[in-house]
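# Commentary on secondary and tertiary structure
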Amino acid sequence: MAITIDAPLDMHLHLRDKEMLKRVAPLSSDSFSGAIIMPNLVPPITTKEELISYKNRIKEAIGEDNFTPYMTLFFKPTYTKEFLESIKDELTAIKLYPAGITTNSEGGVSGFNVEELRPTLEAMSELEIPLCIHGETNGFVMDREAQFVSIYEMLATNFPKLTIIMEHITTKESVEALDRFENLYATITLHHLMITLDDVAGGMLQPHLFCKPIAKRPEDRDALRRVALSGHPKVMFGSDSAPHPQDAKESCGCAAGVFTAPIALQVLTQLFMEHSTPENLQAFISDNAQKIYKNITVPRKSVVLEEKPFTVPDKYGTVVPMYAGEKLKYSIREIK
Ligand code: NCD
Ligand code: ZN
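Residues numbered from 1 in each chain as written. Chains lettered and ligands numbered in written order. Predicted model: local features only at pLDDT ≥ 70, side-chain atom pairs only at ≥ 80, totals over all residues. Heavy atoms only, no water.

The subject of this paragraph is the pairing of strand β3 (residues 34–37). The alternating pattern of β3 places G34 and I36 and A35 and I37 on opposite faces, both of which are buried. As paired strands, strand β2 (residues 9–13) and β3 are joined by three bridges and run parallel to one another. The residue bridging L9 from the neighbouring strand is G34, located in β3. A crossover connection joins β2 to the parallel β3 through helix α1 (residues 18–29); in handedness this β-α-β unit is right-handed. Judged from the four bridges that link them, β3 and strand β4 (residues 68–74) form a sheet pairing that is parallel. What sits directly across from G34, in β4, is T68. (Buried < 20%, exposed > 50% of the residue type's maximum accessible area, 1.4 Å probe, protein only. Helix = DSSP H or I, 4+ residues; strand = E, 2+ residues; numbered from the N terminus. Pairing = 2+ DSSP bridges. Right-handed = clockwise from strand over helix to strand, strands pointing away.)

What follows is about the sheet that holds strand β10 (residues 302–311). Taken in spatial order, the three strands make up an open sheet running β1-β10-β11, and their pairing is antiparallel. The open sheet is flanked by β1 (2–6) and β11 (327–335), the only strands paired with a single partner. Taken pair by pair, the neighbouring strands of this sheet meet at an average axis angle of 40 degrees, ignoring direction. (Axes fitted to C-alpha atoms, helices over the stretch in contact; angles between N-to-C directions.)

In structure tokens form, the structure reads like this:
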């Protein structure tokens, strides 16, 4: 049976820079219509010049592919309304990282003092620029996201007109927060729908499944699956595909990030065909995002998948993907 997905969108993607950018960008731009591009380069994207220059490097890397990179800035509480107005046309969202919580986030926010954040967040609210958040405290690793829910609530209450996106949610507590606040939304990754901490560290350690936030308990994965598979209108697909070279993953001090871009559509199709409907897959992978992000225009593209085995390559350049060497049930037949 063939399944057609219209205009797939990846609302959380790391494309990196230089050789890695050239290697991984086409693996998203051939099959996706667009993606929210994360700004955590070294140094992070914080100026208009850096943002435009990065967008141009991405465009060069994707060649003729019909794909829009939706650009983001790395949040700073010092952004003024005047600055944001000047960059608004180039910008789709701003990404807030707590300081030091994940790869290249050292210059992020510490303390979450609402008055310190207010001028920038009010300006974003007025200009209708969505705020994407990596929601983890620096507490015990399994509790970081649940502890952050009170910060999401503080922000959602103080800035009721601001669109706040809880990025890559992994817990039932975040799922529950979704319905308590009108302006809270979420992205969910492929890997958090598929694995729990057991898959990462229950047997031999699996560095290619190590990421931030760490995968959690079966009941958390069940909660994520419930909202994704039902096509809940406040959740959207964001792969958080985060490539690192093999030697940075298979090393003492393993880098955090799972590389899923080239397998995401195939695995999501299998998951939804087994547990849900093609309509809900379409909602999760494109339609919900288009309603939540009112400031994007989406290139037309249709991807036809069919039930035919696809063996995942062992590597893409120096990067090992999730399910490397394994046989998936669905493959991409046509992209038009
Ligand atoms: C991401 C990366 O490598 O940039 N890593 C990850 O484990 N998800 C950063 C992030 O999104 O946290
Ligand atoms: Zn990420």
